[in-house]
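Residue-level listing of the chains:
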Amino acid sequence: MTEQPLLIAETLGKNYGARIGCRDVALEVYPGEVLAVVGESGSGKSTLLGLLSTELEPSAGRVSYRLRDGSLRDLATLGAAERRLLMRTDWGFVRQNPADGLRMAVSAGGNVGERLMAVGRRHYGDIRTEALDWLGRVEIAADRIDDDPRSFSGGMRQRLQIARNLVTRPRLVFMDEPTGGLDVSVQARLLDLVRSLVSEMGLAVIIVTHDLAVARLLSHRMVVMRQGRVIETGLTDQVLDDPREPYTQLLVSSVLAA
Amino acid sequence: MTTTDNASHPASLAVEEREPEERMASASRSEVAPQGQMRGEGALLAVSSLSKTFVLHLREGARLPVVSGAAFELYPGECVALGGPSGAGKSSLLKMIYGNYRVDAGAILVRDGDETVDVASAAPRRLIRLRAGTIGYVSQFLRVIPRVSALDVVAEPLVGDGVPREEATRRAADLLARLNLPERLWGLPPATFSGGEQQRVNIARGLIAFRPLLLMDEPTASLDAANRAVVIGLIEEKKRAGVGILGIFHDAEVREAVCGRVIDVTEFGRQMA
């Protein structure tokens with residue numbers, strides 16, 4: 001059984017002028033695994049997510065991705081059209097602010113259906129049926145399908161964003177603080193939903209979070225970032241229960257136990 | 001269950017459904033080391049020269065040695081207790097074997113089918129695989145997952161093994177019934193359960209799937225006499241199925257009932273000194 005990584009980052013770096021966004025990052029993500037990137041604000045974790053998802057252009061290093069045909073491609077060598085297709089079909093991106101990941105003036109059904117149309121689905125009835133199915137899976141009542149997300153609560157918007165991203169059955173999903181800004185009860189519901197969808201669909205996820213409890217609940221492996229560098233990696237429970245680096249020990253000991 | 005059902009499951013699960021004698025026989029066929037060789041060859045777990053010191057960077061780098069020079073072996077079908085006073089490093093040792101705590105020196109060899117894995121040096125992804133099929137761990141406290149019912153918490157390891165959800169749920173219900181957890185609690189998340197109820201959920205989760213190596217940290221600490229007896233029965237069944245168990249059993253009654261020998265962890269330090 002030789003499993004091959006889905007995504008590989010090598011010596012990846014990004015400078016903003018003289019300031020370092022992130023530096024010399026190497027990591028691999030395998031099919032079906034959840035990798036958490038943790039660290040304080042300013043540690044470079046969002047920059048790293050931007051680089052991995054090709055939204056930012058690296059100053060150094062490269063990111064390779066295994067396409068559905070099995071070939072490993074340096075993402076920098078993909079043409080714009082190829083990259084767009086990848087982002088629409090094989091990838092998802094769940095953003096902290098649902099307004100950045102949704103079309104706020106389009107109905108809930110339209111938000112989900114749009115991704116299907118982007119992959120070439122044309123039959124209106126089928127698209128609506130599938131959108132309805134997905135709204136159900138993320139626990140949004142069927143009678144809200146024609147409402148636009150401006151009338152939704154924060155938690156509902158976030159669940160809609162998840163439906164929009166997963167409807168095309170991607171293989172890799174990027175998540176940037178998906179539970180940030182939600183009430184804890186809403187957070188728990190969302191985490192439970194993400195946890196079950198990820199395991200049912202066998203998704204690979206790279207999740208950026210500053211919340212160590214979220215990382216513990218969702219991820220298999222963890223990367224700790226500080227000042228733009230990866231300072232510690234390992235099994236999630238290992239890093240959290242036996243942190244080795246001074247900074248990781250500080251992070252772990254700073255969490256309030258409820 | 002029919003034979004056809006068995007065929008669709010991972011081998012380890014199908015094996016558990018069979019009679020213990022048959023399982024042992026098939027195990028000896030598939031093992032790398034044939035019977036009749038030195039006893040050490042048949043070990044499920046072989047720990048050698050194992051040491052760990054916590055370095056507390058937030059306390060000016062204070063060093064806290066927890067395990068030093070641990071060495072022992074565990075064989076299929078036996079239950080062994082780690083002995084020694086609180087703070088002697090028993091829990092830390094279990095956590096190191098599970099890969100939860102990292103290791104400074106030494107080896108933790110675990111037999112995983114035809115392979116031998118050194119937990120002390122294995123890559124994280126290898127450890128995940130080892131935990132998925134080979135090492136089970138019953139911790140002292142249940143880590144509660146919001147919104148997930150007791151029944152699903154218990155069924156999860158079987159679902160992970162590929163058992164159909166319906167059957168996994170049925171087996172989870174059987175086990176919870178056996179552990180006398182009131183049926184009205186099964187559909188609820190265990191967050192609000194009492195200590196003893198949470199512990200029974202935790203035990204059920206830890207014992208429901210077949211894992212050749214089981215680590216148990218005080219599995220009966222908050223249980224009454226009746227439920228301690230149930231746990232003793234469950235441990236005996238695991239032993240008969242060829243499972244090797246290493247545990248911390250402060251309760252003398254439980255320890256004497258299930259454990260064939262006790263490893264005194266304070267001896268390790270002395271051998272080193």
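Owing to the predicted nature of the structure, the values given are computational and were not obtained by experimental measurement.

Basis of the calculations
Residues numbered from 1 in each chain as written. Chains lettered and ligands numbered in written order. Predicted model: local features only at pLDDT ≥ 70, side-chain atom pairs only at ≥ 80, totals over all residues. Contact = placed C-beta atoms within 7 Å. Helix = DSSP H or I, 4+ residues; strand = E, 2+ residues; numbered from the N terminus. Nonpolar A, V, L, I, M, F, W, Y, C, P; charged D, E, K, R; others polar. Axes fitted to C-alpha atoms, helices over the stretch in contact; angles between N-to-C directions. Parallel < 35°, antiparallel > 145°, perpendicular 65-115°, else oblique. Left-handed = near helix turned anticlockwise from the far one by under 90°. Domains from an automatic or database assignment. Pairing = 2+ DSSP bridges. Core = buried A, V, L, I, M, F, W, Y, C linked by C-beta atoms within 7 Å. Buried ≥ 20, exposed ≤ 12 C-beta atoms within 10 Å, placed from the backbone.

Caption draft 1: Structural context of the interface of chain A and chain B. Facing the 19 residues of chain A at the interface are 14 residues of chain B. Elements supplying a minimum of two residues to the side of chain A that touches chain B: helix 7 (184-201), strand 10 (229-235), helix 9 (236-241) and helix 10 (246-253) of chain A. Here the residues of the side of chain A that touches chain B sort into seven nonpolar, five polar and seven charged.

Caption draft 2: View of the packing of helix 6 (residues 150-160) of chain B against helix 8 (residues 195-207) of chain B. All names here are of chain B. Running from N to C, helix 6 and helix 8 point in directions that differ by 25 degrees, and their axes come no closer than 7 Å. With respect to each other, helix 6 and helix 8 are oriented roughly parallel. Crossing handedness for the pair helix 6 and helix 8: right-handed. Only Val201, Ala204 and Arg205 of helix 8 make contact with helix 6, whose side of the interface consists of Ala150, Val153, Val154, Glu156 and Pro157. Residue composition of the contact of helix 6 with helix 8, by class: six nonpolar, no polar and two charged.

Caption draft 3: Representation of the domain arrangement of chain A within the structure. Residue and element names in this part refer to chain A. Domain annotation for chain A reports domain 1 (1-90 + 173-258) and domain 2 (102-169). Between the C-alpha centres of domain 1 and domain 2 the distance comes to 25 Å. Tallying the contact residues gives 13 residues for domain 1 and 14 residues for domain 2. Counting residues per element, the ones that place at least two in the side of domain 1 that touches domain 2 are helix 2 (80-89) and helix 7. When residues of the side of domain 1 that touches domain 2 are assigned to their parent elements, the largest contribution, seven residues, is made by helix 7. Of the residues contributing to the side of domain 1 that touches domain 2, the split by class is nine nonpolar, two polar and two charged.

Caption draft 4: Layout of the sheet that holds strand 7 (residues 213-217) of chain B. Residues and elements named next belong to chain B. An order of 6-7-8-3-9 is seen for the five strands of this open sheet, with the pairing classed as parallel. Of all the strands in the sheet, just strand 6 (135-138) and strand 9 (261-264) have a single pairing partner and so form its edges. Going across the sheet, the axis of each strand differs from the next one's by a mean of 20 degrees, ignoring polarity. Relative to strand 8 (residues 244-248), strand 3 (residues 79-83) runs parallel, the two sharing three bridges. Bridging across to strand 8, Val80 finds its partner in Leu246.

Caption draft 5: Representation of the nonpolar core in the model. The biggest cluster of nonpolar side chains holds 134 residues, and the ones touching the most others in it are Val37 of chain A together with Val154 and Ala204 of chain B. Per element, the largest residue contribution to this core is six residues, and it comes from helix 6 of chain B. Counting residues domain by domain, this core receives three or more from each of domain 1 (1-90 + 173-258) and domain 2 (102-169) of chain A. When sequence neighbours within four positions are dropped, the list of residues in contact with Val37 of chain A reads Lys45, Leu48, Leu49, Ile206, Val208, Val223 and Met225 of chain A.

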